[in-house]
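# Summary of the model geometry
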Amino acid sequence: MQLLAKLRGAHAHLVLLNTLHILNDGYQASFMLLLPFISKSSHLSLTKVGSLGTVLNLTALAIVIPASGLARRLGSLRTLLLALFVYATGFLGASLAGTYIRLVMMFIVSGLGYGIFHPLAFGLIAKWSPKETLGRTMGNFTAIGDVGRIGISAALSFLIVHFGWRHTTLLYVLLAFTTGLVIVLYMRKNSDRITPPERPIKQKLTAWQILKSPRYIYAVAANALDSFASDSLYVFLPFLLLHRGIHPALLGSFTAAFFFGNIFGKTLLGRVADRVGKASVFISAEVLMALFIFLLAGSSAAWAIISCAIVLGVFTKGTQPVQKSMIAEAVEHHGNYDKAFSLATLASNTTKTIAPITLGFIASTAGIVWTFNTMAIVVLAAAIPGTLFYLSKKPVLDA
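We now turn to the structure provided with this report.

Turning our eyes to something else, we now look at the packing of helix α12 (residues 278-298) against helix α13 (residues 302-330). Two measures define how a pair of helices packs: the angle their axes make with one another and the distance between the axes. Here α12 crosses α13 at 155°, and the two axes come no closer than 9 Å. Taken together, the axis directions place α12 and α13 in an arrangement best described as roughly antiparallel. Note that α12 runs across α13; the crossing there is left-handed. Together, Lys278, Ala279, Val281, Phe282, Ala285, Glu286, Leu288, Met289, Phe292, Ile293, Leu295 and Leu296 of α12 and Ile305, Cys308, Val311, Leu312, Phe315, Thr316, Thr319, Val322, Gln323, Ser325, Met326 and Glu329 of α13 make up the contact between the two elements. For the contact of α12 with α13, the per-class residue count stands at 17 nonpolar, 4 polar and 3 charged.

This is the structure:
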């Protein structure tokens, strides 16, 4: 801990936040990967397995708005630390649960932990970052989450082979609680290092008052429509690849290329947005994303499919820091970042929940190609509120 203080100095707060981000995204991805093993050992039907995933998502959705209130009482960073202990408790309970009802309860607990993290974390980034470099900071932050998602979830498979899923889960619990306790001790001893200058709240507003801002609504609508397509594309990509005759053994290569594009896109587009404008980058990215989705859906040549998959990896998640920067810009005149990001997360998570069901129905009735054509149309629709955001004037703080 002393070494952290000496090496990081004034940046210790970002180190702590990024550490919590790696753990949150990595553990969330790992939790879903436990489902096949839980299903086998507990003799659960696929219907019950699917319901556990739904429980996790719905619980995360329900906690989004209360999370901002909790952060006002405890502080955002302490609330994020609390979230770590909450989902670690969910991991512990899942490893010990012997019945379906107990598993449901533990998935509810974990969902509460995961649902707290992102709206509060994005709010902290907005408060801590200079406006001129907000896109770059958001890009770096979102890319770091992918490091946890890929690295920690990849370790899960390796550990389960050697220790079994229950023992692996207990190892994850031990790591989470140990890391959390180290952070608690560090925060108590170095509180001055984790209180960086923040943009002050200039005017406290209710959720309804925030929603009355057209510029904020445009940013939220653009974010929600983009999430509908970009978060589902990866889910349905393997089905399209198999439909086009790609050998199953190559699916992992496409997945790796797609995730590489994700990380590259987040770090690149965030930086570009700082230079040429957030709305301009978002609109351009949405148009290009739609174009390459159409090309992907209509291509049959392997080289074309590979190229489109890599490019789409850049744009599907590369727009994330740009969207978050647009939301921050829309509310910078009053500074209610936690509440603003909570409302925006509620909207985007709702579309994420609806999208797989809707797109799955389209795939069943009209074919997988039309599923991707639908995604492209929704992506183009996201450019409309993005354009309105670009054309709108920044609001003036009420007297």
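From this point on, the discussion continues.
Moving on, we get to the pattern of salt bridges. All chains considered together, the criterion is met by 7 salt bridges. Notably, a salt bridge pairs Asp25 with Arg149, separated by 3.1 Å at the nearest N-O pair. Placement of the pair is Asp25 in helix α2 (residues 12-33) and Arg149 in helix α7 (residues 134-163), with a sequence separation of 124 residues. Using a relative accessible area of 3% as the deciding quantity, one classes Asp25 as buried. You can call Arg149 partly exposed: its relative accessible area is 29%. Taking the shortest distance from any N to any O, the salt bridge between Lys131 and Glu332 comes out at 3.3 Å. With Lys131 in the loop between α6 (100-128) and α7 and Glu332 in the loop between α13 and α14 (337-366), this residue pair connects regions lying 201 residues apart in the sequence.

Relative to the helices and strands, Leu359 resides in helix α14. Through-space distance from the C-alpha of Leu359 to that of Met375 is 8.2 Å; in sequence the pair is 16 residues apart. The residues touching Leu359, leaving out its near neighbours within four places in the chain, are Phe228, Ser232, Phe236, Thr371, Thr374 and Met375.

Right, let's talk about the packing of α7 against helix α8 (residues 165-189) for a bit. The contact between α7 and α8 brings their axes to 8 Å, and the two run at 135°. Judged on the interaxial angle alone, α8 and α7 are oblique. In this structure, α7 crosses over α8, and the sense of that crossing is right-handed. Within the contact between the two elements, α7 uses Ile152, Ala155, Leu156, Leu159, Ile160 and Phe163 and α8 uses Trp165, His167, Thr168, Leu171 and Tyr172. Looking at side-chain class alone, the contact of α7 with α8 contains 9 nonpolar, 2 polar and no charged residues.

Turning our eyes to something else, we now look at the nonpolar core. Leu17, Tyr27, Leu80, Tyr216, Ile293 and Phe372 are the most contacted members of the largest nonpolar core, which has 109 residues in total. With 14 residues, the top contributor of residues to this core is α6. If sequence neighbours within four positions are ignored, Leu17 has contacts with Leu77, Leu80, Phe117, Ala121, Leu124, Ile125, Trp128 and Phe141.

Rules behind the numbers
- Residues numbered from 1 in each chain as written.
- Predicted model: local features only at pLDDT ≥ 70, side-chain atom pairs only at ≥ 80, totals over all residues.
- Heavy atoms only, no water.
- Axes fitted to C-alpha atoms, helices over the stretch in contact; angles between N-to-C directions.
- Helix = DSSP H or I, 4+ residues; strand = E, 2+ residues; numbered from the N terminus.
- Parallel < 35°, antiparallel > 145°, perpendicular 65-115°, else oblique.
- Left-handed = near helix turned anticlockwise from the far one by under 90°.
- Contact = heavy atoms within 4.5 Å.
- Nonpolar A, V, L, I, M, F, W, Y, C, P; charged D, E, K, R; others polar.
- Salt bridge = Lys/Arg side-chain N within 4 Å of Asp/Glu carboxyl O.
- Buried < 20%, exposed > 50% of the residue type's maximum accessible area, 1.4 Å probe, protein only.
- Core = buried A, V, L, I, M, F, W, Y, C linked by side-chain atoms within 4.5 Å.

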